[in-house]
Amino acid sequence: RCRHCPVSTTRIESRGESSATTGGTTTTTKGVAVAKEKNKDVWNKRYNELLEYKAVHNNCNVPAEWKQNPQLARWVHDQRKQYKLRNKGESSSMTDERIRKLNGIGFEWSRRPGIGGIGKGT
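The shown structure was predicted, so the numbers you read here are calculated from the model rather than taken from an experiment.

Undergrad: Could you clarify how one ought to interpret the packing of helix α2 (residues 70-87) against helix α3 (residues 96-104) in this entry?
TA: Working note: a packed helix pair is described by the angle between its axes plus the distance between those axes. Two elements in contact, α2 and α3, have axes whose closest approach is 12 Å; the angle formed by their N-to-C orientations is 125°. The orientation of α2 relative to α3 falls into the category oblique. For the pair α2 and α3, the crossing hand works out as left-handed. Across the interface between the two elements, Trp 75, Gln 79, Tyr 83 and Arg 86 of α2 pack against Asp 96, Ile 99 and Leu 102 of α3.

This is the structure in structure tokens:
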């Protein structure tokens, strides 16, 4: 255990992984990598669903209460939220690559005209 932080770090010898324990929860480096890969897969799945939505509706403005795919509606909302957090300098899952991909399909970062640089990534 590091004397400067509340996280206890140990080595799992049989697998050669590091693990961290905080608040009774243990996370291995392999577990973190798996979780990040899963999140990336989900992001790409929703992005592809958004492409399909755009092909039909000619825009990326999935209604917030869209019953045909509520997961996509929530994902679109979350992208706007993560983008705002990033622009405020707060912790965010929004990356430069994701911004480029979404800008490339005409994603509107705000549903209100003149707010958030609609489609410009600003």
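Alright, that's what it looks like, and here's the rest.
Undergrad: How should the packing of aromatic side chains be read in this particular structure?
TA: Within a pair of aromatic rings, the relevant descriptors are the distance that separates the centres and the angle that separates the planes. Here the structure, examined in full by the defined rule, presents five aromatic pairs. Between Trp 43 and Trp 75, the ring centres sit 5.3 Å apart and the planes meet at 65°, which makes this aromatic pair edge-to-face. Residue Trp 43 is located in helix α1 (residues 29-57), and its partner Trp 75 is located in helix α2; the two are separated by 32 residues in the primary sequence. A relative accessible area of 4% places Trp 43 in the buried class. Aromatic pair Tyr 53 and Trp 66: ring centres 5.0 Å apart, planes at 85°, arrangement edge-to-face. Taken as a pair, Tyr 53 in helix α1 and Trp 66 in the loop between α1 and α2 lie far apart in primary sequence, 13 residues in all. Overall, Tyr 53 belongs to the buried group, its relative accessible area being 7%.

Undergrad: What exactly am I supposed to notice about α2 here?
TA: Because the α-helix completes a turn every 3.6 residues, residues three or four places apart line up on one side. With 18 residues, α2 should cover 26 Å at 1.5 Å per step; its first-to-last C-alpha distance of 26 Å lies within 8% of that length. Regarding α2, the residues found buried are Leu 72, Ala 73, Trp 75, Val 76, Gln 79, Arg 80, Gln 82, Tyr 83 and Leu 85. Two residues or fewer past α2, Gly 89 is found with a positive phi of approximately 80°.

Undergrad: What is the right way to read the nonpolar core from this model?
TA: Grouped together as the largest cluster of nonpolar side chains are 18 residues, with contacts concentrated most on Leu 50, Val 62, Leu 72, Trp 75 and Leu 102. Taken together, the elements giving at least two residues each to this core come down to α1, α2 and α3. Here this core gets five residues from one element, more than from any other, and that element is α2. In contact with Val 62, not counting residues within four places along its chain, are Leu 50, Tyr 53, Leu 72, Ala 73 and Val 76.

Undergrad: Help me understand the side chain of Gln 82, please; the structure alone is not making it clear to me.
TA: Structurally, the position occupied by Gln 82 is in helix α2. Its relative accessible area of 18% is what places Gln 82 among the buried residues. Once residues within four sequence positions are removed from consideration, Gln 82 is found in contact with Ser 91, Ser 92, Ser 93 and Met 94.

Undergrad: How do you make sense of unusual backbone geometry when you look at a structure like this?
TA: A negative phi holds for most residues other than glycine; trans holds for most peptide bonds. Positive phi, normally seen in glycine, also occurs at Asn 58, with a value near 65°. Mapping Asn 58 onto the fold places it in the loop between α1 and α2.

The rules behind the values
- Counting from 1, residues in each chain are numbered in the order their sequence is written.
- Only residues with pLDDT of at least 70 are given local features in this predicted model, and only at 80 or more are side-chain atom pairs given and counted; all residues enter the totals for whole chains, interfaces and linings.
- Note: side-chain values were computed over all heavy atoms of the structure, leaving out hydrogens and water.
- Working convention: axes come from line fits to C-alpha atoms, limited for helices to the stretch in contact. Angles between N-to-C directions cover 0 to 180 degrees.
- Secondary structure elements are defined from DSSP: runs of H or I of at least 4 residues count as helices, runs of E of at least 2 residues count as strands, and each element is numbered from the N terminus.
- Convention used here: angles under 35 degrees read as roughly parallel, angles over 145 as roughly antiparallel, angles from 65 to 115 as roughly perpendicular, and any remaining angle as oblique.
- The handedness criterion is simple: a crossing whose near helix is rotated anticlockwise from the far helix by less than a right angle is left-handed, and one whose near helix is rotated clockwise is right-handed.
- Note on contacts: a residue pair is in contact if any heavy atoms of the two residues lie within 4.5 Å.
- Pairing of aromatic rings covers Phe, Tyr and the six-membered ring of Trp, with a centre-to-centre limit of 6.5 Å; geometry is then stacked below 30 degrees between planes, edge-to-face above 60, and tilted otherwise.
- Here's how the labels work: a residue is buried when its accessible area is under 20% of the maximum for its type, exposed when over 50%, partly exposed in between, all with a 1.4 Å probe on protein chains only.
- Expected helix span is given by 1.5 Å per residue-to-residue step, counting one fewer step than there are residues.
- Buried Ala, Val, Leu, Ile, Met, Phe, Trp, Tyr and Cys residues form a nonpolar core when they are joined through side-chain atoms within 4.5 Å.

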